[in-house]
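The chain contents come next:
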Amino acid sequence: MTHTYHIHGMTCNGCRSHVEETLSKVGGVSKATVDLDKAEANIEMESHIPIETFQEALKKDGGTYSIHKQGEHHQHSEAKKEKQPKGTGTFYCPMHCEGDKIYNKPGDCPVCGMDLVEEQNLSATSKEQWTCPMHPEIVKDEAGSCPICGMDLVPMEADSSAEEKTYKKLLKKFWIASVFTLPIFLIAMSEMLNNNPLYDIMEQKYWNWIQFALSIPVVFYATWMFFERAYKSIKTWNLNMFTLIGIGAGVAWSFSVFGMFFPDVFPSQFKTESGTVHVYFEAATVILTLVLLGQLLEARAHSKTNSAVKELLKLAPNKAIKIVDGEEVEVSIDEIELNDILKVKPGDKIPVDGVITEGETTIDESMITGEPIPVNKSQEDKVSSGTINGNQSFLMKAEKVGSDTLLSQIIHMVNDASRSRAPIQNLADRVSGYFVPVVVIISIITFIVWSIWGPEPVYVYAFVNAIAVLIIACPCALGLATPMSVMVGVGKGAQNGVLIKNAEALEKMDKVNTLIVDKTGTITEGKPTVETVGAFNEALSEKEVLQYIVSLNTNSEHPLAEATVKYGKEHNAEILKSEDFSAVTGKGVEATIKDKKVALGNPKMMEYVKAEIASKMKDEAKSYQKQGKTVSYLSIDETVVGYVVIGDKIKETSAKAIKALQDKGIDVIMLTGDNHDTAQAVASELNLADFKASMLPEDKLKEVEKLQENGKVVAMAGDGINDAPALAKSDVGIAMGTGTDVAIESAMITLVKGDLNGIVKARNLSDSVMRNIKQNLFFALIYNTLGVPIAAGVLFPFFGILLSPMIAALAMSFSSVSVIGNALRLRTIKV
């Protein structure tokens with residue numbers, strides 16, 4: 001029989017395969033198939049198995065996932081929501097062991113055992129609340145007096161983030177571990193003195209008991225989590241750093257306890273001159289305390305890796321001034337709705353995305369675009385949330401609020417990209433998969449070799465070196481090498497107006513050798529202006545030609561259409577009623593006006609409506625096109641009657657950016673829907689050797705495919721709907737943030753400012769991040785390659801050098817910190 005159940009808690013393919021495997025292992029199950037999209041499991045069984053059996057199996061696996069009968073999961077979801085902790089409620093593994101999987105509460109990663117990291121987002125910067133100092137149960141959204149005692153309410157202190165709580169918890173445990181470990185270490189080290197003064201106080205065996213007593217708080221409180229993680233890792237066979245620490249420190253401590261209680265079991269080689277067994281309480285506690293120090297330093301370093309997001313969150317204001325019936329009212333950001341009129345005073349942060357309706361000012365947009373020079377803004381200009389107003393007040397209309405604002409989208413994109421995996425990480429994952437079993441085997445071999453060929457006392461040497469091998473090995477550094485660099489790099493990009501959708505984009509951008517750029521809105525301003533309107537037919541005046549052009553374009557959203565409509569309004573052109581309007585992609589528009597078929601567009605549009613362009617008309621248009629202008633023809637009932645000339649200024653940054661890219665060995669190709677002469681004029685001005693004109697969306701797509709077939713790694717930069725297919729097909733799609741949502745959605749990288757200089761920044765950032773990742777991988781691999789053999793004692797026969805397990809623990813703890821520290825250097829690079 002087959003039953004279908006709902007699975008709750010899955011977020012990625014790693015979850016799906018894990019649930020599938022767990023359910024398949026239940027006795028009596030023939031086959032289990034899990035569908036991630038539907039969140040369903042189809043389970044084939046020989047005879048009926050109660051759902052409680054499956055629930056128990058998932059619970060034993062860690063309780064991350066749960067199984068329910070169909071239709072019952074909604075109640076479960078609601079119950080889960082009620083239990084959500086304060087803060088963002090989103091946690092992830094810093095090593096991305098399960099891809100982009102997220103958790104709704106703090107804890108340990110079930111694969112690597114590391115503390116989960118809290119994602120930073122706007123939900124964490126909740127609106128200000130007020131409470132009574134005498135009655136803390138009173139919480140209000142605004143200032144006032146307490147309804148119980150009448151005292152003034154005071155602002156509530158912000159709740160500590162999970163990240164800060166983790167750090168404080170580790171810090172407390174570290175101090176406790178240090179207080180108890182230090183005397184153990186001093187007692188053990190005193191054995192190296194010839195006339196140990198401690199033995200005048202009491203015998204060695206009693207000092208061993210004191211070491212044992214002092215080690216209990218360290219092992220069973222301060223660092224007990226390491227043993228829990230080690231046990232969990234062995235139980236689930238997700239072997240990791242804590243497996244090695246748990247085995248190494250656990251064996252040293254257990255050996256010492258056993259030696260104290262049953263000294264007669266051990267041969268004389270394990271005993272001191274006084275007859276007591278050698279104990280290793282100092283090795284176990286110092287190792288555990290140093291590992292705890294490493295975790296503490298990592299927790300602090302982790303908080304710096306997502307500092308870019310934290311800086312962005314600080315930009316989000318929580319108050320705004322709303323105009324209500326002519327009055328200024330201070331409101332919370334959450335209360336702002338679409339089309340509300342807001343007043344922004346000098347020096348204030350702009351609360352939401354919108355458009356200026358009254359006044360003019362300068363705005364500092366450096367926090368979003370990375371450009372330090374304030375931008376002049378006047379009526380009808382767009383403004384973005386989080387940017388800072390200059391020295392003049394203005395009124396604005398709210399167009400995007402909440403999660404739709406540019407700032408919210410940037411934070412969301414940075415968080416998603418930070419959690420994504422770069423393909424280069426697969427190498428580290430493959431190595432890590434074999435790492436722990438190999439280290440355990442090396443440790444066993446070390447013990448055997450030293451037991452057979454080592455000097456006296458052979459078993460002591462064998463035991464100490466075997467533990468040193470376990471402790472010095474650190475798969476954690478290998479796992480952190482890629483995600484730490486990606487997280488810092490993505491944040492650095494966001495601060496410079498380069499939004500990375502995922503880590504793969506960063507890696508691929510480093511390999512790009514061919515860049516395709518669109519012309520309008522990418523190389524040029526994308527703000528075309530009408531320069532002249534002409535008539536080819538004596539029966540129609542230029543004013544009537546403009547009238548038809550404006551009437552047609554009123555229904556179009558194309559930038560060229562907007563330019564003609566604006567020009568028509570300035571010249572008081574009457575807008576005629578149009579019917580059956582349609583836009584022909586890459587060609588133009590058509591409609592019925594005054595019972596006549598009217599079309600406007602390029603020569604391909606004229607062919608489409610079977611209107612022939614006379615050679616005289618072509619010559620007249622060509623003179624404009626040679627100057628880089630765009631000429632659109634107007635036809636009425638299959639007769640070309642006029643034209644409109646539109647100019648689009650080349651962006652100031654385009655020439656410099658293209659040269660910088662060419663200097664980096666990247667071939668830059670311009671593809672445009674404009675005619676050859678217009679394209680030639682732009683290409684000449686920019687020193688572009690390669691360009692293609694009259695390109696339809698499908699032509700751009702084919703060009704990308706053709707270049708890829710020739711072995712090129714292609715990046716495509718564009719801003720329009722017509723660029724979306726080529727953006728999606730290219731190896732790296734780059735959208736102008738000033739363009740359409742479709743283009744941005746299709747791209748892997750978005751440039752907030754929308755100029756080609758952003759591509760130079762993206763390439764520089766990619767180069768730096770990939771170089772940093774390779775450095776991290778080298779540090780991690782070379783560290784383990786050299787560290788493990790030295791700990792095993794390969795230098796002893798030649799130089800008499802042995803590595804103490806305590807020194808091994810210190811080195812292991814700082815290996816991960818060094819990787820994070822190297823990644824943090826990316827915060828200082830210039831892109």
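In this text, all values refer to a predicted model and were calculated from it rather than measured experimentally.

Thresholds, definitions, all that
Residues numbered from 1 in each chain as written. Predicted model: local features only at pLDDT ≥ 70, side-chain atom pairs only at ≥ 80, totals over all residues. Heavy atoms only, no water. Helix = DSSP H or I, 4+ residues; strand = E, 2+ residues; numbered from the N terminus. Buried < 20%, exposed > 50% of the residue type's maximum accessible area, 1.4 Å probe, protein only. Areas by Shrake-Rupley, 256 points an atom, 1.4 Å probe, with all protein chains shown as cover. Lys, Arg positive; Asp, Glu negative; His and termini not counted. Charge placed at Lys NZ, Arg CZ, Asp CG, Glu CD. Pairing = 2+ DSSP bridges. Expected span 1.5 Å × (residues − 1). Arc of directions from axis to C-beta. Contact = heavy atoms within 4.5 Å. Core = buried A, V, L, I, M, F, W, Y, C linked by side-chain atoms within 4.5 Å. Axes fitted to C-alpha atoms, helices over the stretch in contact; angles between N-to-C directions. Parallel < 35°, antiparallel > 145°, perpendicular 65-115°, else oblique. Left-handed = near helix turned anticlockwise from the far one by under 90°. Nonpolar A, V, L, I, M, F, W, Y, C, P; charged D, E, K, R; others polar. Phe/Tyr/Trp six-rings, centres within 6.5 Å; stacked < 30°, edge-to-face > 60°. Lys NZ or Arg CZ within 6 Å of the ring centre and 35° of its normal.

Caption draft 1: Just the overall build of the protein chain, in detail. For the protein chain, the count of helices and strands is 29 helices and 31 strands. With the C-alpha coordinates of the protein chain rotated into their principal frame, the extents come out at 120 × 75 × 65 Å. The buried share of the protein chain, reckoned over its 831 residues, is 51%. If you sum the accessible surface of the protein chain, you get close to 38,900 Å²; carbon and sulfur atoms cover 54% of it. Seen as two clouds, the 81 positive and the 102 negative side-chain charges of the protein chain have centres 3 Å apart.

Caption draft 2: Region of interest: the sheet that holds strand β13 (residues 353-358). Strand order in the open sheet formed by six strands is β11-β10-β12-β18-β13-β16, and the pairing between neighbours is antiparallel. Bordering the open sheet on either side are β11 (327-332) and β16 (382-383), each of which pairs with just one other strand. Both strand β10 (residues 319-324) and β11 contribute to a ladder of six bridges, which runs antiparallel. The residue bridging Lys322 from the neighbouring strand is Val329, located in β11.

Caption draft 3: Up close: helix α24 (residues 697-709). For α24, which comprises 13 residues, the first-to-last C-alpha distance of 19 Å matches the rise-based estimate of 18 Å (1.5 Å per residue) to within 8%. Taken as a whole, α24 has its buried residues at Pro697, Lys700, Glu703, Val704 and Leu707. Projected onto a plane normal to the axis of α24, the buried residues spread over an arc of 120 degrees and lie on a single side. Exposed residues pointing more than 90 degrees away from the buried face of α24 are listed as Lys702 and Glu709. Where α24 is buried, its residues contact β20 (514-518), β27 (667-671), β28 (690-692), β29 (714-718) and α25 (724-729). After α24 finishes, the residue Gly711 shows a positive phi value of roughly 85 degrees.

Caption draft 4: Quick peek at the environment of Asn238. Among the secondary structure elements, Asn238 is positioned in the loop between α7 (224-236) and α8 (241-261). Judged by relative accessible area, which is 23%, Asn238 ranks as partly exposed. For the pair Asn238 and Val111, spaced 127 residues apart in sequence, the C-alpha separation works out to 5.3 Å. What Asn238 contacts, discounting residues up to four positions off in sequence, is Pro110, Val111, Ser233 and Thr243.

Caption draft 5: Local environment of the nonpolar core. Counting residues in hydrophobic clusters, the biggest one holds 147 residues, and the most contacted among them are Leu515, Ile523, Met670, Ile734, Ile749 and Ile759. Ile734 has contacts with Met509, Ala715, Met716, Ala717, Gly718, Leu727, Ala747, Ile749, Leu751 and Ile759, leaving out every residue within four places of it along the chain. Judged by nonpolar contacts, the second largest core, of 22 residues, contains Val530, Val533, Val589 and Ile636.

Caption draft 6: Main features of the environment of Phe463. Looking at where Phe463 falls in the secondary structure, it is placed in helix α14 (residues 458-472). We classify Phe463 as buried; its relative accessible area is 9%. The sequence separation of Phe463 and Cys97 amounts to 366 residues, and the corresponding C-alpha distance is 32 Å. Excluding its chain neighbours within four sequence positions, the residues that come into contact with Phe463 are Val251, Ala252, Phe255, Tyr280 and Phe447.

Caption draft 7: Region of the structure containing the sheet that holds strand β1 (residues 2-8). Sheet architecture is open: four strands sit in the order β2-β3-β1-β4, paired in antiparallel fashion. In this open sheet, the two edge strands, each paired with only one partner strand, are β2 (29-35) and β4 (66-69). Neighbour to neighbour, the strand axes of the sheet diverge by 30 degrees on average, direction disregarded. Direction of pairing for β2 relative to strand β3 (residues 40-45): antiparallel, over a ladder of six bridges. Of the residues in β3, the one forming a bridge with Val34 is Ala41. Packing of helix α2 (residues 51-60) onto the sheet brings it into contact with β1, β2, β3 and β4, and relative to β4 it is tilted by some 165 degrees.

Caption draft 8: View of the pairing of strand β26 (residues 639-647). For β26, the buried fraction is high: eight of the nine residues fall into the buried class. Connecting strand β25 (residues 630-636) to the antiparallel partner β26 that follows it, the hairpin turn spans two residues, and Asp637 within it adopts a positive phi of roughly 50 degrees.

Caption draft 9: Structural detail: the packing of α14 against helix α27 (residues 757-792). For the pair α14 and α27, the least separation of the axes is 8 Å and the interaxial angle reads 165 degrees. Taken together, the axes of α14 and α27 are roughly antiparallel relative to one another. In the packing of α14 onto α27, the handedness of the crossing is right-handed. Residue-level contacts link Asn465, Ala468, Val469 and Ile472 of α14 to Tyr783, Asn784, Gly787, Val788, Ala791 and Ala792 of α27. Taken together, the residues of the contact of α14 with α27 sort by class into seven nonpolar, three polar and no charged.

Caption draft 10: Focus on the packing of aromatic side chains. Evaluation of the coordinates by the stated rule reveals 23 aromatic pairs. With a centroid separation of 5.0 Å and 45 degrees between ring planes, the pair formed by Phe258 and Phe262 is classed as tilted. The exposure class of Phe258 is partly exposed, given its relative accessible area of 37%. Centre to centre, the rings of Tyr461 and Phe796 are 6.0 Å apart; their planes meet at 50 degrees, and the pair counts as tilted. Linking Tyr461 in helix α14 with Phe796 in helix α28 (residues 796-799), this pair joins segments that are 335 residues apart in sequence. Residue classification places Tyr461 among the partly exposed positions, given a relative accessible area of 25%. Note on Phe796: relative accessible area 25%, which makes it partly exposed. Each member of the aromatic cluster is reached from another via a ring pair, and the members are Trp209, Phe212, Phe220, Trp224, Phe227, Trp253, Phe261 and Phe281. A cation over an aromatic ring shows up here: Lys173 above the ring of Tyr221, its NZ or CZ 5.5 Å from the ring centre. Above the face of the Phe242 ring, Arg229 is positioned so that its terminal group lies 4.9 Å from the ring centre.

Caption draft 11: Highlighting helix α29 (residues 805-824). Here α29 contains 20 residues, and its C-alpha end-to-end distance of 29 Å stays within 8% of the 28 Å for a straight helix at 1.5 Å per residue. With respect to burial, α29 is a largely interior element, 14 of its 20 residues being buried.

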